[in-house]
Amino acid sequence: MKASTDRMLTRIKSMYLYIKRKGQVTTLELVEEFGTTSRTVQRDLNILEHNNLVTSPERGTWETTRRKVKAS
């Protein structure tokens, strides 16, 4: 796997775990926490949402779904 792909997967996993730990976060909070652009955060959130791992109850706010996840 390419180093850039590995970095992206690590960031997405970390983002998911961060949202799960905090309960609910804003997109801006994720930008500040992970030191990336808002576009990168949005792209990562789209991946998590596509896989039914996060949901947005209102614009700019994110929380995890009840889907069972085994994080290693």
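The rules behind each value
Residues numbered from 1 in each chain as written. Predicted model: local features only at pLDDT ≥ 70, side-chain atom pairs only at ≥ 80, totals over all residues. Heavy atoms only, no water. Helix = DSSP H or I, 4+ residues; strand = E, 2+ residues; numbered from the N terminus. Contact = heavy atoms within 4.5 Å. Core = buried A, V, L, I, M, F, W, Y, C linked by side-chain atoms within 4.5 Å. Buried < 20%, exposed > 50% of the residue type's maximum accessible area, 1.4 Å probe, protein only.

## Concerning the side chain of Thr61
Now for step 1: If you trace the backbone, Thr61 turns up in strand S3 (residues 61-64).
Now for step 2: Once residues lying within four places of it in the same chain are set aside, the contact partners of Thr61 are Gln24, Val25, Thr26, Thr55 and Ser56.

## Overview of the nonpolar core
Now for step 1: By size, the foremost hydrophobic cluster in this structure holds 14 residues, and its most contacted members are Ile19, Leu30, Leu45, Leu48 and Val54.
Now for step 2: Residue assignment for this core shows that the elements contributing at least two residues are helix H1 (3-22), helix H2 (27-34) and helix H3 (38-50).
Now for step 3: No other element matches the 5 residues that H1 contributes to this core.

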